[in-house]
Amino acid sequence: MASCGASLVSLGGKVVMNISSCDGTLSSSDFCLAAHAFAEKWKRMNPVLPSWSWVALSKSPWLASHEVEGYLSLENMCILRSCEEDHNEEGHKGNEDPNCSVKEEYIDNATLVQSHSHNVRYFDFHIVYSASYSVPVLYFRAYSSDGQPLLLEDIEKELPGNSTNVLMESKWTFITHEEHPYLNRPWYKLHPCGTSEWMKLLFLAEPCSPGVPVELYLLSWISMVGQVVGLKVPLEMFNKRNE
């Protein structure tokens, strides 16, 4: 695993990080550190689920020596609507969905499942650091089983019902369609304009310097933004006994 170049603090054998003067932002080195810790904990505690992976990139010549360029990636996944939602939309036609069995257990736990069904919609998620806002940003795209990209209105139809409600009621983000900063292709993203503010509020009750477990920032962040796209964090990830 690549070194993130950040200075670490060890408290009681646990690696912790500062939250940039408690203003809700992260430095690029802290993001790298938090990303690796988050990915490791996800893999350790969710072995049956696909893993987040760190995509390392060649360092740009204008970056400082301590900065590391890269992003987190979770790809080729599907987010399934629950059978109850499908039945409600179809007016209870009386035919049970044969696919709603074991898969429903994974939906309840994390909403992430692997599937080889011909009609599933696949999602790619990237967590990228924004140097402008000094916070992580969630980029995503979706496509059908034949590789055709989905438009936003089609993506919204595939998401759990509460996801659209969360986005409509949200005062801290909105979806934009723009070029991926590393892939140079159009992706959707959740705009980070309000991220630092609600992350600051979230950590008001936490010790600011030091004392925040390194992966807690991304855990807390993804638990919030993930609601918009139906991406849930298993509750076990927040259990301190598993740290």
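These numbers come from a predicted model, not from an experiment.

Undergrad: Even after reading the chapter, I still don't get the overall build of the chain, so can you show me in this structure?
TA: Across its full length, the chain carries seven helices and 10 strands. In the chain, buried positions account for 46% of the 243 residues. Taking contacts inside the chain between residues at least 6 apart in sequence as the whole, the part at least 24 apart equals 63%. Carbon and sulfur atoms make up 50% of the accessible area of the chain, which totals about 12,900 Å².

Undergrad: Which parts of the structure should I look at to understand the pattern of salt bridges?
TA: Should their charged atoms come close, side chains of opposite charge can pair. Evaluated as defined, the whole model comprises two salt bridges. Note that R141 and D124 form a salt bridge whose closest N and O atoms lie 2.7 Å from each other. Here R141, found in strand 7 (residues 135–144), pairs with D124, found in strand 6 (residues 121–130); they are 17 residues apart in sequence, far enough to count as distant. Given a relative accessible area of 28%, R141 falls into the partly exposed group. Where E178 meets K189, a salt bridge forms, and the shortest distance between an N and an O atom there is 3.1 Å. With E178 in strand 8 (residues 175–179) and K189 in strand 9 (residues 186–190), the pair connects residues that are 11 residues apart, well separated along the chain. Given the relative accessible area of 10%, K189 is considered buried.

Undergrad: What is the right way to read the pairing of strand 7 from this model?
TA: A regular strand places its side chains so that they alternate between the two faces of the sheet. With nine of its 10 residues buried, strand 7 lies for the most part within the structure. For strand 6 and strand 7, the ladder comprises 10 bridges, and the chain directions are antiparallel. Considered in strand 7, the bridge of S130 is made with V135. Linking two consecutive strands that pair antiparallel, namely strand 6 and strand 7, is a turn of four residues; a positive phi of about 60° is found at S134 within it. Two elements, strand 7 and strand 9, share two bridges in a ladder whose sense is antiparallel. Bridging across to strand 9, F140 finds its partner in Y188.

Cut-offs and rules
Residues numbered from 1 in each chain as written. Predicted model: local features only at pLDDT ≥ 70, side-chain atom pairs only at ≥ 80, totals over all residues. Heavy atoms only, no water. Helix = DSSP H or I, 4+ residues; strand = E, 2+ residues; numbered from the N terminus. Buried < 20%, exposed > 50% of the residue type's maximum accessible area, 1.4 Å probe, protein only. Contact = heavy atoms within 4.5 Å. Areas by Shrake-Rupley, 256 points an atom, 1.4 Å probe, with all protein chains shown as cover. Salt bridge = Lys/Arg side-chain N within 4 Å of Asp/Glu carboxyl O. Pairing = 2+ DSSP bridges.

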